[in-house]
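# Chains, contacts and geometry: an overview
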Amino acid sequence: MALSILGYAAQSATTPLASHHFQRRDPRPDDVVIDILYCGVCHTDIHQARNEWHGSVYPMVPGHEIVGRVSAVGDKVGKFKVGDMVGVGCIVDSCQHCAACAAGLEPYCEEGPTWTYNGTDRHDGLPTYGGYSERIVVADKFVVSISDKLDPRAAAPLLCAGITTWSPLRHWKIGKGSKVAVVGLGGLGHMGLKFAKALGAEVTLFTRSPGKEGEARKLGADHVVLSTDPAQMAAVTRRFDFILDTVPSQHDLNPYLNTLALNGVLCLVGLLEAIEPPVQAGMVVLGRRSISGSAIGGIAETQEMLDFCAEHGIVSEIEMIDIKDINHAYERILKSDVKYRFVIDIASLKQSA
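Each value, and the rule that gives it
Residues numbered from 1 in each chain as written. Predicted model: local features only at pLDDT ≥ 70, side-chain atom pairs only at ≥ 80, totals over all residues. Heavy atoms only, no water. Helix = DSSP H or I, 4+ residues; strand = E, 2+ residues; numbered from the N terminus. Rg over C-alpha atoms; globule rule 2.2 N^0.38 Å. Buried < 20%, exposed > 50% of the residue type's maximum accessible area, 1.4 Å probe, protein only. Areas by Shrake-Rupley, 256 points an atom, 1.4 Å probe, with all protein chains shown as cover. Lys, Arg positive; Asp, Glu negative; His and termini not counted. Charge placed at Lys NZ, Arg CZ, Asp CG, Glu CD. Axes fitted to C-alpha atoms, helices over the stretch in contact; angles between N-to-C directions. Parallel < 35°, antiparallel > 145°, perpendicular 65-115°, else oblique. Left-handed = near helix turned anticlockwise from the far one by under 90°. Contact = heavy atoms within 4.5 Å. Nonpolar A, V, L, I, M, F, W, Y, C, P; charged D, E, K, R; others polar. Pairing = 2+ DSSP bridges. Polar contact = N/O pair within 3.5 Å; in protein donor to acceptor, adjacent residues only side chain to side chain. Salt bridge = Lys/Arg side-chain N within 4 Å of Asp/Glu carboxyl O.

Attention shifts here to the overall build of the protein chain. Scanning the protein chain for helices and strands turns up twelve helices and 17 strands. Relative to the globule expectation of 20 Å for 353 residues, the C-alpha radius of gyration of the protein chain, 20 Å, shows essentially globular dimensions. Projected onto its principal axes, the C-alpha coordinates of the protein chain cover approximately 65 × 40 × 35 Å. Within the protein chain, the fraction of its 353 residues that count as buried is 55%. Accessible surface, the protein chain as shown: approximately 15,300 Å² in total, 52% of it carbon and sulfur. On the protein chain, the mean spot of the 33 positive side-chain charges and the mean spot of the 40 negative ones are 5 Å from each other.

Two elements in contact, helix α4 (residues 161-171) and helix α5 (residues 187-198), have axes whose closest approach is 8 Å; the angle formed by their N-to-C orientations is 45°. The angle between the axes of α4 and α5 places the two elements in the oblique class. In terms of crossing hand, the pair formed by α4 and α5 is right-handed. Contacts from Ala161, Gly162, Thr164, Thr165, Trp166 and Leu169 of α4 reach α5 at Gly187, Leu188, Met191, Gly192, Phe195 and Ala196. Here the residues of the contact of α4 with α5 are counted per class, giving seven nonpolar, five polar and no charged.

This next bit is on the sheet that holds strand β10 (residues 179-183). Here six strands make up an open sheet; going across it, the order is β12-β11-β10-β13-β14-β15 and the pairing parallel. Each having just a single partner strand, β12 (223-226) and β15 (290-293) make up the two edges of the open sheet. Across the sheet, the mean angle from the axis of one strand to that of its neighbour is 20°, orientation sign disregarded. In this sheet, strand β11 (residues 202-207) lies alongside β10 in parallel orientation, the contact comprising five bridges. Counted as the bridge partner of valine 182 is leucine 205 from β11. On top of the sheet, α5 reaches β10, β11 and β13 (240-245); it is set at about 165° to β11, its chief contact.

Attention shifts here to the environment of serine 12. In this fold, serine 12 is placed in the loop between β1 (3-9) and β2 (18-24). Take serine 12: its relative accessible area is 22%, and that puts it in the partly exposed class. A sequence separation of 46 residues divides serine 12 from tyrosine 58, and the C-alpha atoms of the two residues are 6.1 Å apart. In this view, serine 12 contacts Ala49 and Tyr58; residues no more than four positions away in its chain are not counted. A polar atom in the side chain of serine 12 sits 3.0 Å from the side chain of threonine 15.

Before going further, it helps to examine α4. Within α4, nine of the eleven residues are buried, which leaves the element mostly enclosed by the surrounding structure. For α4, the set of buried residues is Ala161, Gly162, Ile163, Thr164, Thr165, Trp166, Ser167, Pro168 and Leu169. On its buried face, α4 is in contact with β10, α5, β13, β14 (260-268), α10 (299-312) and β17 (341-345). A positive phi of about 55° marks lysine 173, the residue just after α4.

Quick look at the packing of α4 against α10 now. The contact between α4 and α10 brings their axes to 10 Å, and the two run at 100°. Taken as axis vectors, α4 and α10 run roughly perpendicular relative to one another. Where α4 approaches α10, its residues Gly162, Ile163, Trp166, Ser167 and Arg170 are matched on the opposing element by Glu301, Thr302, Glu304, Met305 and Phe308. Along the lines of polarity and charge, the residues of the contact of α4 with α10 split into four nonpolar, three polar and three charged.

Counted by the stated rule, this structure contains 19 salt bridges. Residues aspartate 31 and arginine 25 are paired through a salt bridge, measuring 2.8 Å at the closest nitrogen-oxygen approach. In this structure, aspartate 337 engages arginine 332 in a salt bridge whose closest nitrogen and oxygen atoms are separated by 3.0 Å. Looking at aspartate 337, the relative accessible area reads 39%, which means it is partly exposed. Beyond isolated ion pairs, a larger network of salt bridges with shared partners links Arg25, Arg28, Asp31, Asp121 and Asp124.

Here it is in structure tokens:
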């Protein structure tokens, strides 16, 4: 029997999110049923709810930073039991047989991953709905364990903001002796600082906003460079092995490329639009530098990240909100008025019905 679920949904690109009842599938033998406790709010939720990426399907229940407790498991599930604290991130399925999936890189599935929301279930063809809701049903292969050493509220954004920054740092083997810079101090940037520092790197924050030095240092930055100051930028010419660029809007990459050392890498994790203004190829060619990109990590990598966080006491900096305040929270995100991630207390959902 399908599950009747209460959630919060966008009914169109121009209407505010509001209470909405919908159905989730009857659990399959390999499924885990999760009572959602907390759900982080990602800028992607805004893009999708407002159809800014031109692929939105309504009604849409956003949310892909999900933490909750297992309330039921299918007959073929041996990894989880009722009562376990677990998480679900940006994807809930993949083909599981292509080269990317075989390598544990499910987000890069050659047939396309199944997104946690605004996606289509590859088995029954029904739409997927996200974590702004009371319960979710997910195949066990796409569920991760949340250690009791972590505050589950502050762990929720790790399922997107955390893994988005962890994955490239691990892929490019950042560690002791690495000189790393992070561009932007937001939901992604603050996690990039924490992870790079915990991995042993010397960490610098690039920011356009004066006055962030104290805050950046608390989060792990050893140095802060004001990117609008030519003298400060000149002082770090050819300095960095790796730059993690978390800015989600178009911006000039050329000043940052000039701060990369020989063989340095600038990795984009926030920008999905065209690069504007154009990159000066000479900066890339003559320094043997690379411009790269990275999405979220695979499920095994996500679990590795969560275990690392539990070991090192790393969580996101959050502000808790009730679900009724989600539309206001969206506007605050657009104004960069959050430090550094909103998390919805899903217990407030029933009060809003």
